[in-house]
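# Remarks on the overall topology
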Amino acid sequence: MRYFFGCILLGFVLRLFSLSPVFAAYAAMEREPIKIEISEVDESTFAGLTDRDYDTFFHFDEGEINVIPERPAFVLYIVWNEPPNEYSVIADEKETVINDGFLHKLVVFSERAEKVVINTGGGSICDIFLFDGRDNLPEYVQDWREPCEQADMMVFSAHADDELLMFGGTLPYYAKELDLRVQVVYMTTHWQEQPRPHEALDGLWEAGVENYPVFGIIPDIPYQPIFTLSEAAELYDFEEVSEWFTEQLRRFKPSVLITHDLKGEYGHAAHKLAAKTASEAVELSSDPSAYPDSAEKYGIWDVPKTYLHFYEENTVEMDWEIPLESYGGITAKEAAARCYKKHKSQQIWGYSVNYGDKWDCRQFGLYRSLVGTDTKADFMEHIFPISDIRDSEETAENTTVEPILTAPQQEEKTADSMEAILEDKASAKTDSTVSKHEKSTSETTAEESQENVEIKIPPAAPEKEKIIIGTAIVLTAAIIFVIIIKHRR
């Protein structure tokens, strides 16, 4: 009888623990990396390869890097300092060949491995981590997808961070909140400005972008400000940039294109060049005689909607005060500011996501449209999301659905249904938006807004006190169980 009641008591305690917030918190805790050994590296090099610091990296010649985990590993996360050549990962003799060039790469094994070999063609590595599972990985681990096959939206940014400073809540709202396929294309590269490429990836990942970005073909020239296109022409080959970007439009076939101000926002010539290139490329991309090599490779494409920052016709003011459920209720502007903080090396310049003068990230104009003019502040107005179209194609037999509208006369027939799709998706995540984001009677500064972002972020791990309480419950259950067994004897 004593044993019977003891079992009931033990079951009650364990059930209480399983229902407690502490148990849920334990289940949601971040997975820690496994302790590892890396063959043929000294203590200093090993410390640098596991410190999560982009400024510490080490060059490896062609050959094998042997990584021995303390216990069997299931996931490898490797951070390269520069785009890697083709390499392979061997987990207990099972080889995976990797040639995507991703700086931040997650590799999942088919089964847990006691030894991992990275067979490189040479290159510089910042960090190597192994984990014993795929769930609950730390927030710094990024699992990038291949660039889009077809994008709902392309954001063409002159430099890494302009996509946030100039275009505000565009990425947090459309990529994360609405879960659209957003392809980011950078005109310039920052390979000689480490750690800016890493910061670009960190900022995009925080913004909900999951498809790997395209880094451009012309180098950024830091500390050498240029303000006219004639100055830019002395540094860059405009024809080369035009051909390259026309190819990007044909490759990704975006429904909507977002890019810079023709006047370069605050006058930056690289911004002017990006806007000039985009405004010309949207006319060339549908012409098979223009840059025929990419036309043959990808086909031609006529971009349905093109927006330029600060364009003075068909103007639209985006509402970045809309609260985003995917960010815990902070506004799209605050989310963009949070993403911009990932660009740590750029914080010294004092830039911020704001609405002031030449930095107003809300002001756009519809430069070109195949689907009519806008009636509201929504880049995707009159456009079907690609995922919804493909879902319809899979379920509708004998029905042909065009991926996007390609002629003005189609607008009246399909505008209502397209709007309904986006509105249903948005309303499911941002119900009662109007009442939630009414302006307060007092204005807050940009600095205060960014501070509020930190306040509203929920903690990622349980509080220390809760952990102690949870541990006490488990120990109590164990003691009861021991007493029961002892008395049985």
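Before reading on, note that the structure itself is shown above.
Here's what I pulled together on the structure shown here. (Residues numbered from 1 in each chain as written. Predicted model: local features only at pLDDT ≥ 70, side-chain atom pairs only at ≥ 80, totals over all residues. Heavy atoms only, no water.)

### Considering unusual backbone geometry
Stated precisely, the cut-off is as follows: In DSSP terms, a helix is any run of H or I states spanning at least four residues, a strand is any run of E spanning at least two, and both are numbered starting from the N terminus. In this scheme, a residue with accessible area under 20% of its type's maximum is buried, one over 50% is exposed, and one in between is partly exposed, where area comes from a 1.4 Å probe on protein chains only.
Here the amide bond leading from Gln-194 into Pro-195 is cis, since omega sits at 10°, within 30 degrees of zero. With phi around 55°, Glu-265 is a residue other than glycine that occupies positive phi space. Relative to the elements of secondary structure, Glu-265 occurs in the loop between strand 14 (256-259) and helix 9 (269-284). Despite not being glycine, Asp-357 shows a phi value in the positive range, around 45°. Relative to the assigned elements, Asp-357 resides in the loop between helix 11 (332-340) and strand 17 (363-369). Taking relative accessible area as the criterion, Asp-357 reaches 65% and is therefore assigned exposed.

### So, the sheet that holds strand 16 (residues 315-317)
As a general point, the strands of a sheet are linked pairwise by backbone hydrogen bonds and lie either parallel or antiparallel. Convention followed: In this analysis, strands are considered paired if DSSP registers two or more bridges between them. Every axis in this analysis is a line fitted to C-alpha atoms, fitted for helices over the stretch in contact. Angles between the N-to-C directions lie between 0 and 180 degrees. Should any heavy atoms of two residues lie within 4.5 Å, those residues are counted as being in contact.
One open sheet holds the 6 strands; their spatial order is 11-10-14-15-17-16, and the pairing between them is mixed. Edge positions in the sheet fall to strand 11 (182-186) and strand 16, since each of these pairs with one other strand and no more. For this sheet the average axis-to-axis angle between neighbouring strands, irrespective of direction, equals 25°. Sheet topology note: the strand 10 (residues 153-157)/strand 14 ladder contains 3 bridges and is parallel. Among the inter-strand pairings, Val-155 is bridged to a residue of strand 14, identified as Ile-258. Sitting on the sheet, helix 9 is in contact with strand 10, strand 14, strand 15 (305-309) and strand 17, with an inclination near 160° to strand 14.

### Considerations on the packing of aromatic side chains
What counts is decided by this rule: Paired rings are identified among Phe, Tyr and Trp, the last through its six-membered ring, by centres lying within 6.5 Å, and are further divided according to the angle between planes into stacked (under 30 degrees), edge-to-face (over 60) and tilted (the rest). The criterion is that NZ of a Lys, or CZ of an Arg, lies within 6 Å of the ring centre and within 35 degrees of the ring normal, and then a charge sits over that ring.
Inspection of the entire model under this criterion finds 20 aromatic pairs. Ring centres of Trp-244 and Phe-245 lie 6.3 Å apart, and the angle between their planes is 45°; this geometry places the pair in the tilted category. Note on accessibility: Trp-244 and Phe-245 belong to one class, buried. Among the aromatic residues, those joined into a ring-pair cluster are Phe-102, Trp-144, Tyr-186, Trp-191, Trp-205, Tyr-212 and Phe-215. Over the ring of Phe-74 we find Arg-112; its NZ or CZ atom is 5.3 Å from the centre of that ring.

### Let's talk about the side chain of Ser-279
Here is the rule we go by: Counting of polar contacts relies on pairs of N or O atoms within 3.5 Å, with two restrictions inside protein: one atom must be capable of donating a hydrogen and the other of accepting it, and residues adjacent in sequence are counted only when both atoms are side-chain atoms.
Tracing the chain through its elements places Ser-279 in helix 9. Taking relative accessible area as the criterion, Ser-279 reaches 9% and is therefore assigned buried. In this structure the side chain of Ser-279 is engaged in a polar contact, spanning 2.9 Å, whose partner is the backbone oxygen of Lys-276. Non-local contacts of Ser-279, meaning those with residues more than four positions away in its chain, are made with Leu-262 and Tyr-367.

### Focus on the side chain of Ser-352
Relative to the helices and strands, Ser-352 is located in the loop between helix 11 and strand 17. On the basis of relative accessibility, which here comes to 12%, the residue Ser-352 falls in the buried class. A polar atom in the side chain of Ser-352 sits 3.1 Å from the side chain of Asn-354.

Keep in mind these values describe shape, not function.
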